Amino acid sequence: MPPASRSASAHSETAEPSHIAAEIESAIETRGLEPVPDKERTGKVGDLFPTWVAANISVLLLTMGAGLVVFNGLNIWQVLVVATVAPIVSYGIVGLISIAGKRGGAPGMALSRAVFGQRGNLFPGSLIWVARWGWETINAVTGAYAILTVLDLLFGIKSNTALIVVTLLLFVTGTFLVSGLGINALRVCSKWSTYLFGAFSVLVLGYLIVDTDWSAVLDKPAGSAAMVVAGIGMIGAGGISWVPSGPDFTRYLPRSASSGKLVGTTIGGAGIVVLPMVLMGAVMAVATPNLASAQDPVAFIGELLPIWIAVPYLLIALVGMLLINSMSMYSAGFTAQTLGIKVPRAWAVSVNAVISLVFGFLLMVVATSFIGSFISFLTLLAVAFSAWIGVFGVDMLRRTSYDGAALLDTTRTSAYWYKGGFAWQAMTAWAVALVTGLLFTKVDWFAGPLASSWIGEHGLGWLAGIVVSALLYAVLPRTKAPATPAAVKADEEAPAPAELPV
């Protein structure tokens, strides 16, 4: 696909300045929503492995693994099933949707304009952007708690309101700086954090093997099948939250990159972290039965591990959580631009940084239960994203290319204007699926009327959203965008649909 013309329309969306011949090689990425030209798409599928490893370097996985034991009542073997299946399902979807990135060379929510229409895309885009506020807030709070735990372990400094503000500000500032630099900085940081976190995770695993009361772990009775399925949804929600961002990290891949390898690398990068971290959290839960009422999701790590392991492990995990938030804000910058916030991507990121700072303070100072708030958020997050996933996924199966100029043209001249700026088929399927998912959902402060049904009790509101949106969009009549020279040329260059993995 050719790069989008900055003069495609007098009223077209303003692209970011691009004065460097080979932008991907620069230290600071200046490219915004405009598709990446073929000559600059020199990325490798293997680069995705450390990207998705870094996306999961979070001590929250330990907390979530412990939650499977404390909240869901699962034993270690059931946790093993959950920790294996969840990343395969969730990051399998991430990988499949990421194929659109190498086809269109643009961020996921920009490509979404081709599906929902220029105005219609504002609705799912706004919801996904708001959902990112919550995810970035959770990560910022966890990072701040990690800093507070290290200060307590090393210097005996106890948490207070002023210190909470300072640690949150430090974490969010670091996130803003890394995400503002762009994809190259993320790749470098991901690579080294992967090595360090992997090495220390092995050390922690070794300590747990020696120090754990395995009779208490292995003798725990099994929980219900419903809680196993719900646990898969809870752990998988983290992966589902990355689905709209998947194309953001594959848009620099050449069109010829293997789709099967892309999906496999995405699953492998996530799974190699999720599986052992969730299992370690489940083992730790034996010694932390009061985790359910804990406000601090990190302090228990310092209580269970010796200081010479806990401190460096938390510091390395802190870098990982900063990377996760940086990746999320990197994508959030694109999402903000698709909503019409016409500023460079790096500045768009600052909006989410401020929001996560404010919400993070409220969660740390006002909220009574971090764990309860976190699980409720994960549940609603998966439902919010699922309706978009079904529609976008079916559309991706039907097309092999995207019109780069039309993606940026937000006026009536765009091939993706449809009727009044809306693709009614996509909007209908999305709205119906979103409502359907909420009907089956139950959290601490909200319960849909069908939450007590089999689907609701198994925590499958998110899956219902994907299925309903996909089926409804598939049966509704298609609206074809008019052919344009850019689209015709892209069709000639694009790979055949048969490249999709089965």
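About the thresholds
Residues numbered from 1 in each chain as written. Predicted model: local features only at pLDDT ≥ 70, side-chain atom pairs only at ≥ 80, totals over all residues. Heavy atoms only, no water. Helix = DSSP H or I, 4+ residues; strand = E, 2+ residues; numbered from the N terminus. Buried < 20%, exposed > 50% of the residue type's maximum accessible area, 1.4 Å probe, protein only. Contact = heavy atoms within 4.5 Å. Axes fitted to C-alpha atoms, helices over the stretch in contact; angles between N-to-C directions. Parallel < 35°, antiparallel > 145°, perpendicular 65-115°, else oblique. Left-handed = near helix turned anticlockwise from the far one by under 90°. Nonpolar A, V, L, I, M, F, W, Y, C, P; charged D, E, K, R; others polar. pLDDT = per-residue confidence, 0-100. Salt bridge = Lys/Arg side-chain N within 4 Å of Asp/Glu carboxyl O. Patch = residues over 30% accessible without salt bridge, like charges linked within 9 Å, V, L, I, M, F, W, Y side chains within 5 Å. Areas by Shrake-Rupley, 256 points an atom, 1.4 Å probe, with all protein chains shown as cover. Expected span 1.5 Å × (residues − 1). Phe/Tyr/Trp six-rings, centres within 6.5 Å; stacked < 30°, edge-to-face > 60°.

Undergrad: Would you take a moment to explain the overall build of the protein chain for this structure?
TA: Across its full length, the protein chain holds 20 helices and two strands. Burial analysis of the protein chain (502 residues in total) assigns 59% to the buried set. Partitioning the intrachain contacts of the protein chain with sequence separation of at least 6 by distance along the chain shows that 87% fall at a separation of at least 24.

Undergrad: Where do I start with the packing of helix H10 (residues 225–240) against helix H15 (residues 370–398) in this structure?
TA: The description of two packed helices rests on the angle between their axes and on the distance between the axes. Packing of H10 against H15 leaves a shortest axis separation of 9 Å and a crossing angle of 55 degrees. For the element pair H10 / H15, the angle class is oblique. Note that H10 runs across H15; the crossing there is left-handed. The residues of H15 that touch H10, namely those facing Met234, Ala237, Gly238 and Ile240, are Ile375, Leu378, Leu381, Ala382, Phe385 and Ile389. By residue class, the composition of the contact of H10 with H15 is nine nonpolar, one polar and no charged.

Undergrad: Honestly, the confidence of the model for the protein chain in this entry has me stumped. Any pointers?
TA: Do not read the predicted coordinates in detail wherever pLDDT is low. When pLDDT is averaged across the protein chain, the result is 81; 82% of the residues are at 70 or more. Segment residues 1–27 is flagged for pLDDT under 50; beyond a separation of four residues in sequence, or across chains, it makes 68 contacts in the model. Contacts from residues 483–502, a stretch scored under 50 in pLDDT, to residues over four places away or in other chains number 38 contacts.

Undergrad: Mind showing me how you'd approach the packing of helix H3 (residues 76–104) against helix H11 (residues 259–284) here?
TA: Interaxial distance between H3 and H11 falls to 7 Å at its minimum, and their mutual angle equals 150 degrees. By the criterion of interaxial angle, the relationship of H3 to H11 is roughly antiparallel. Handedness of the H3/H11 crossing: right-handed. Of the residues in the contact of H3 with H11, the class split is 20 nonpolar, seven polar and one charged.

Undergrad: For this particular structure, what's the right way to read the environment of Leu279?
TA: Here Leu279 lies in helix H11. When its relative accessible area of 21% is taken as the criterion, Leu279 is described as partly exposed. For the pair Leu279 and Ala66, spaced 213 residues apart in sequence, the C-alpha separation works out to 8.3 Å. With sequence-adjacent residues up to four places away left out, Leu279 is seen in contact with Ile76, Val79 and Leu80.

Undergrad: Would you explain the pattern of salt bridges in this entry?
TA: If charged atoms from side chains of opposite charge come close, those side chains can pair. The full count for this structure, using the stated rule, is four salt bridges. Among the ionic pairs, Asp38 bridges to Arg41, the shortest N-O distance being 3.6 Å. Residue Arg41 is classed as buried on the basis of its relative accessible area, which comes to 4%. Arg399 is paired through a salt bridge with Asp395; the nearest N and O atoms lie 2.7 Å apart. Here Arg399 falls in the buried class, since its relative accessible area comes to 16%.

Undergrad: Got a minute to help me understand a nonpolar patch on the surface in this structure?
TA: There is a patch of nonpolar side chains on the surface, built from Trp77, Leu80, Leu205, Ile209, Val210, Trp214 and Leu218 and spanning about 690 Å² of accessible area. In this structure, Leu205 sits in helix H8 (residues 183–211). For Leu205, a relative accessible area of 37% gives the class partly exposed.

Undergrad: I tried to follow unusual backbone geometry on my own but got confused; where do I start?
TA: Among all residues save glycine, negative phi is the norm, and among peptide bonds the norm is trans. Positioned with a positive phi, Tyr418 is a non-glycine residue whose angle comes to about 55 degrees. Residue position: Tyr418 is located in the loop between helix H16 (404–408) and helix H17 (424–439).

Undergrad: Which parts of the structure should I look at to understand H17?
TA: Think of an α-helix as turning once every 3.6 residues; residues three or four places apart then point the same way. Between its first and last C-alpha, H17 extends 22 Å over 16 residues, near the 22 Å set by a 1.5 Å rise per residue. Inspection of H17 places Gln425, Ala426, Met427, Ala429, Trp430, Ala433, Leu434, Thr436 and Gly437 among the buried residues, and these make up the whole buried set. Those residues of H17 that are buried lie in contact with helix H5 (113–116), helix H6 (122–155), H15 and helix H19 (461–475).

Undergrad: Explanation requested: the packing of aromatic side chains in the structure shown.
TA: Evaluated as defined, the whole model comprises six aromatic pairs. A centroid spacing of 5.7 Å and a plane angle of 75 degrees characterise the contact between Trp52 and Trp242, whose relative ring orientation is edge-to-face. One end of the pair, Trp52, is in helix H1 (residues 48–54); the other, Trp242, is in the loop between H10 and H11, and 190 residues separate them in sequence. The same class applies to Trp52 as to Trp242, namely buried.

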